[in-house]
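Remarks on the overall topology
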Amino acid sequence: MRKIRKYVWRCALCAMVLLAGCKEDGLAPSYEYRLDTFLPDPSAQDSVSILRRGFYAETGSFLLFNDTLQHELLGYDSNGNPFYFTELLDLGYTLGTTTGASAEYDYDFLDGWEEQKKALAFLEDYVLVHFSKGLRPFSWMLVSEVRRVLDNGFTVPDAAVGDRCVVVACKYILEHDNEASCELYASRVINTFLSEWVNTRPDEFADFREVSQDYYSGTFSYTSNSDNMQKLYEAGFLVKGTNSSGGLANGYYPDFDSDLAGYVTYVLTLDEATMSVAYGQYPLVMEKYRLVRETLVNLGFIF
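Note that the coordinates shown come from a computational prediction; the quantities given were computed from them, not determined experimentally.

**Overview of the overall build of the protein chain**
A tally of helices and strands in the protein chain yields 10 helices and 11 strands. Evaluated residue by residue, the protein chain yields a buried proportion of 36% over its 303 residues. If you sum the accessible surface of the protein chain, you get close to 18,000 Å²; carbon and sulfur atoms cover 51% of it.

**Re the state of the cysteines**
All chains considered together, the criterion is met by 0 disulfides. Considering cysteine sulfurs only, Cys182 is the nearest to Cys170, which forms no disulfide, with 9.8 Å between them. Overall, the relative accessible area of 0% leaves Cys170 in the buried class. According to the relative accessible area criterion, Cys182 is buried, its value standing at 4%.

**Quick notes on the sheet that holds strand 5 (residues 139-143)**
Strand pairing in a sheet relies on backbone hydrogen bonds, with the paired strands running either antiparallel or parallel. Within the open sheet, the 4 strands sit side by side as 1-5-9-8. Their pairing is mixed. Where the open sheet ends on each side, the last strands, each with one partner, are strand 1 (62-64) and strand 8 (159-161). With direction set aside, neighbouring strand axes in the sheet form an average angle of 15°. Both strand 8 and strand 9 (residues 166-169) contribute to a ladder of 3 bridges, which runs antiparallel. By the bridge assignment for strand 9, Val161 is matched with Val166. Lying on the sheet, helix 3 (residues 112-127) is in contact with strand 1, strand 5 and strand 9; it crosses strand 5 at an angle near 130°. Taken strand by strand, helix 5 (residues 179-197) contacts strand 8 and strand 9, and its axis lies near 15° from that of strand 8.

**Section: a nonpolar patch on the surface**
Together, Leu73, Tyr76 and Tyr84 give the surface a local cluster of nonpolar side chains, amounting to about 340 Å² of exposed area. By the element assignment, Tyr76 lies in strand 2 (residues 68-76). Of the residues examined, Tyr76 reaches a relative accessible area of 56% and is grouped as exposed.

Parameters at a glance
Residues numbered from 1 in each chain as written. Predicted model: local features only at pLDDT ≥ 70, side-chain atom pairs only at ≥ 80, totals over all residues. Heavy atoms only, no water. Helix = DSSP H or I, 4+ residues; strand = E, 2+ residues; numbered from the N terminus. Buried < 20%, exposed > 50% of the residue type's maximum accessible area, 1.4 Å probe, protein only. Areas by Shrake-Rupley, 256 points an atom, 1.4 Å probe, with all protein chains shown as cover. Disulfide = S-S within 2.5 Å. Pairing = 2+ DSSP bridges. Axes fitted to C-alpha atoms, helices over the stretch in contact; angles between N-to-C directions. Contact = heavy atoms within 4.5 Å. Patch = residues over 30% accessible without salt bridge, like charges linked within 9 Å, V, L, I, M, F, W, Y side chains within 5 Å. Salt bridge = Lys/Arg side-chain N within 4 Å of Asp/Glu carboxyl O.

Next up, the structure:
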């Protein structure tokens, strides 16, 4: 019995030595994340592919007209039918998430080359002129319409913002192709983008946060709607806060994200002279307005 145990022990030692001497192969992901999927095939010479490559070279942002990033033939099944690997742009994806997409979207794409050219002209002439290179998103996708899918239906925003892409719905400017309409719609698209973008950079707005820090998400008493708004203005707020049901309500101060997004809207739509006429009697409001405007300029926004 002792001989048998000794033999088994020696075999175990040999196995351990052999395993230690073997190099373990590195783990290889089944899916390779590649940035070049945001560009057309280098060999493609059609008009859209040339346009997209030129846009990237000039702006540093990728340009998409649909949400298919990859569609590669992998082989054929036993019946001779082809099967593919397809990667779609997941706009709701958030970097670092472990719970899947936070939002679902679907799109109506632009109808051909002429609509694509008009949509791109709008983006270049009315939107990109306000963004220095450091402020531009990773990619733009120009579509006719975008819908955010909800449990009880959907919404149809002017633009939708994700970590990897800003989607711009261009149906309105295709139907209202004049300067006044384009300028108005551009302000709506920019406001949607910046209101989301600034909330990913809270450290840049630390001075802004400090002004009303003691009030965020708090409550207060009021006697009327006008009294409610005056107390908000005196504390440096332009928007109401939300109640426990998530609805805007009197007697509630907003949180930081809502406060900052509200000021972005005012900064984009009102110059300082107009703002001063409307809110000059509220020093904290004017101070926060100037802080947001100055910070946006420092970050690369062009008014």
